[in-house]
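# Residue-level structural notes
Listed below are the residues making up each chain.
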Amino acid sequence: MIDPSLSSLGAEVVVATSSDNNHPPENIIDGNTNTFWMSTGMFPQEFVIRFAQSTPVSAVTVDSYNVKHLNIEKNTSQNATQFEFVAEQECKHTEGHLQSNTILLNGSNATHLRFVITSGYDHFVSVHRVCVQNVHT
């Protein structure tokens, strides 16, 4: 298994709908579940991860808190302008511990993944880590 969403492999969070200096979007891809990105309220919330190169993606694991519904979209161009829907997940509420949801994707290549949180169990949500599984795992 590889994790091309990690910042150490050249991936970047290029868009986030909210930001807090103590919990910036970059925390999503640092590989550490003790750090996180926190929304600033209201829905939808979204973030976009750009890979260093076109990457085959078979599944994504999202470690989060208070996320109720999540859509995942992909883009295959260098510009993050047009996205195609690939999956959605209704997340179970987990009081007191992280939600960990693995969402199967179609295994095709992506240069960007957009995560759209359409609803939450509270006004604020946090995303602690995103892991990407490659089709060659």
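My aim in this report is to walk through the structure given alongside it, one point at a time. (Residues numbered from 1 in each chain as written. Predicted model: local features only at pLDDT ≥ 70, side-chain atom pairs only at ≥ 80, totals over all residues. Heavy atoms only, no water.)

### Side note on the overall build of the chain
- Looking only at helices and strands, the chain has 0 helices and 9 strands in total.
- Helices (α) and strands (β) of the chain occur, in sequence order from the N terminus, as β-β-β-β-β-β-β-β-β.
- Computed over the C-alpha atoms, the radius of gyration of the chain is 14 Å, within 12% of the 14 Å expected from 2.2 N^0.38 for a compact globule of 137 residues.
- Along the longest, intermediate and shortest principal axes, the C-alpha atoms of the chain span 35 × 30 × 25 Å.
- Looking at the chain as a whole, 48% of its 137 residues qualify as buried.
- The contacts of the chain with a sequence gap of at least 6 include a subset with a gap of at least 24, amounting to 75%.
- Within the structure as shown, the chain displays about 6900 Å² of accessible surface, and the carbon and sulfur contribution to it stands at 47%.
- If you average the places of the 6 positive and of the 13 negative side-chain charges in the chain, the two averages end up 6 Å apart. (Helix = DSSP H or I, 4+ residues; strand = E, 2+ residues; numbered from the N terminus. Rg over C-alpha atoms; globule rule 2.2 N^0.38 Å. Buried < 20%, exposed > 50% of the residue type's maximum accessible area, 1.4 Å probe, protein only. Contact = heavy atoms within 4.5 Å. Areas by Shrake-Rupley, 256 points an atom, 1.4 Å probe, with all protein chains shown as cover. Lys, Arg positive; Asp, Glu negative; His and termini not counted. Charge placed at Lys NZ, Arg CZ, Asp CG, Glu CD.)

### Examining the packing of aromatic side chains
- Under the counting rule described, the total for this entry stands at 2 aromatic pairs.
- Between Trp37 and Phe47, the aromatic rings sit 5.5 Å apart at their centres with planes inclined by 65 degrees, giving edge-to-face as the arrangement. Linking Trp37 in strand 2 (residues 37-38) with Phe47 in strand 3 (residues 45-56), this pair joins segments that are 10 residues apart in sequence. The pair formed by Trp37 and Phe47 is uniform in burial state, with each residue classed as buried.
- Judged by centre distance (4.8 Å) and plane angle (10 degrees), the rings of Phe47 and Phe115 are stacked. Taken together, the residues span a long stretch of sequence, with Phe47 in strand 3 and Phe115 in strand 8 (residues 109-120) at a distance of 68 residues.
- Classification of Phe47 as buried rests on a relative accessible area of 1%.
- On the accessibility criterion, Phe115 (0% relative accessible area) is buried. (Phe/Tyr/Trp six-rings, centres within 6.5 Å; stacked < 30°, edge-to-face > 60°.)

### A few points about the sheet that holds strand 2
- Judged by pairing direction, the sheet is antiparallel, and its 4 strands sit side by side in the order 2-9-4-7 without closing on themselves. Both edges of this open sheet fall to strand 2 and strand 7 (99-104), since each of them pairs with a single strand only.
- In this structure, strand 4 (residues 59-65) lies alongside strand 9 (residues 126-133), joined through 7 bridges in antiparallel fashion. Residue Val62 lies in a different strand from strand 9, and its bridge partner there is Val130. (Pairing = 2+ DSSP bridges.)

### Concerning the sheet that holds strand 1 (residues 12-16)
- The 5 strands lie next to each other as 1-3-8-5-6, forming an open sheet whose pairing is antiparallel. For this open sheet the edge positions go to strand 1 and strand 6 (84-90), each flanked by a neighbour on one side alone. Each strand of the sheet is rotated relative to its neighbour by a mean of 20 degrees, with strand direction disregarded.
- Relative to strand 8, strand 3 is paired through 8 bridges, and the arrangement is antiparallel. (Axes fitted to C-alpha atoms, helices over the stretch in contact; angles between N-to-C directions.)

### Focus on the pairing of strand 8
- Sheet topology places strand 5 (residues 67-75) next to strand 8; 8 bridges connect them, and they run antiparallel. By the bridge assignment for strand 8, Asn75 is matched with His112.

### Examining the pattern of salt bridges
- All chains considered together, the criterion is met by 4 salt bridges.
- Among the ionic pairs, Arg114 bridges to Glu73, the shortest N-O distance being 2.6 Å. Separated by 41 residues along the polypeptide, Arg114 in strand 8 and Glu73 in strand 5 bring together distant segments of the chain.
- Via salt bridges that share partners, Glu46, Glu73 and Arg114 belong to a single interconnected network. (Salt bridge = Lys/Arg side-chain N within 4 Å of Asp/Glu carboxyl O.)

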